[in-house]
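Residue-level listing of the chains:
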Amino acid sequence: MTREYMLDTIIFNLLAKDGTISVDVFKQITLFATHIQIDELNKTSNHHLKSLLVQMFDKVNPENIPTSAAVWGVSKWGGARWGDADGLYERLKERVQKLDKANGKKPRNPTNQTNDALIAVTAIKNNLTLITTDLGLKQSTIECGGKAIHFDEFLKLE
């Protein structure tokens, strides 16, 4: 079993809002995140919640790595690598969109599915297991050759 994981942004929401799950569940493993996760947390309109989310991100302290693809208007200079033209990012985004639509899930904002695909492609290209609660994102990642696990499954492993 791999001990290196990519965290989906929703995990920080669970840690901050729930309060019953300690960041200690992530001890003894290596965690990664990109600028996408912290960007999403910083866009939270509720200032108190945003503060809790950023504190949780800091407590978890994932290693920051660049995204493995770049999207104009979303990716940060120095925080993204150009894709390798294999079409993986595009396949992931298309699959996430189809699964969201099939499940009646509407993205919170226009870039949410873009962000999900950037996080997933980065996990795949870096051989990391994505931890998420988003079943569509989990399925898309696995279908595109990556490893993904639901947060509840992760908790049972540790």
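So, here's what we can say about the structure. Along each chain, residues carry numbers from 1 onward, in the same order as the chain's sequence is written. Local features in this predicted model are restricted to residues whose pLDDT is 70 or higher, and side-chain atom pairs enter the listing and the counts only when it is 80 or higher, whereas totals over whole chains, interfaces and linings include all residues. Working from all heavy atoms in the structure, the side-chain values ignore hydrogens and water.

Some words on the nonpolar core
Ranked by size, the top nonpolar core spans 23 residues in total, and within it Met6, Tyr89, Leu92, Leu118 and Leu130 carry the most contacts. Secondary structure counts use DSSP, requiring at least four H or I residues in a row for a helix and at least two E residues in a row for a strand, with both numbered from the N terminus. Element by element, the count of residues in this core is highest for helix α5 (residues 112-125), at seven residues. Beyond its immediate chain neighbours, meaning those up to four positions away, Tyr89 contacts Ala69, Val71, Thr114, Ala117, Leu118 and Val121. Working definition of a nonpolar core: buried Ala, Val, Leu, Ile, Met, Phe, Trp, Tyr and Cys residues. They are joined through side-chain atoms within 4.5 Å. A 1.4 Å probe rolled over the protein chains alone gives each residue an accessible area, and that area as a share of the maximum for its type sets the label: buried under 20%, exposed over 50%, partly exposed in between. Core analysis: the second largest hydrophobic core is formed by 22 residues, Phe12, Ala16, Ile29 and Phe154 among them. The contact criterion used is simple: two residues touch if any of their non-hydrogen atoms lie within 4.5 Å.

Thoughts on helix α1 (residues 9-18)
Those residues of α1 not exposed but buried are Thr9, Ile11, Phe12, Asn13, Leu15 and Ala16. Where α1 terminates, the next one or two residues include Gly19, which has phi positive at roughly 80°.

Some points on unusual backbone geometry
Non-glycine residue Asn61 carries a positive phi angle of around 55°. Positionally, Asn61 belongs in the loop between α3 (47-60) and β3 (63-64).

Quick look at the pairing of strand β1 (residues 4-7)
Strand pairing requires that DSSP identify at least two bridges connecting the strands. Strand direction decides the pairing type here: β1 and strand β2 (residues 30-33), joined by three bridges, are parallel. The residue bridging Met6 from the neighbouring strand is Phe32, located in β2.

Examining the packing of α1 against α3
Fitted lines through C-alpha atoms give the axes, limited to the stretch in contact for helices. The angle between two N-to-C directions lies from 0 to 180 degrees. As a packed pair, α1 and α3 sit with axes 9 Å apart at the nearest point and diverge in direction by 115°. Comparing their axes, α3 and α1 come out roughly perpendicular. Here α1 runs over α3; the crossing is right-handed. In this structure, α1 uses Phe12, Asn13, Leu15, Ala16 and Lys17 to contact α3, whose residues at the interface are Leu49, Leu52, Leu53, Met56, Phe57 and Val60. Classes in brief: Ala, Val, Leu, Ile, Met, Phe, Trp, Tyr, Cys and Pro nonpolar; Asp, Glu, Lys and Arg charged; the others, Gly included, polar. Residues belonging to the contact of α1 with α3 are distributed by class as follows: nine nonpolar, one polar and one charged. Roughly parallel means an angle under 35 degrees; roughly antiparallel means over 145; roughly perpendicular covers 65 to 115; every other angle is labelled oblique. Each crossing gets its handedness from the near helix: less than a right angle anticlockwise from the far helix is left-handed, clockwise is right-handed.

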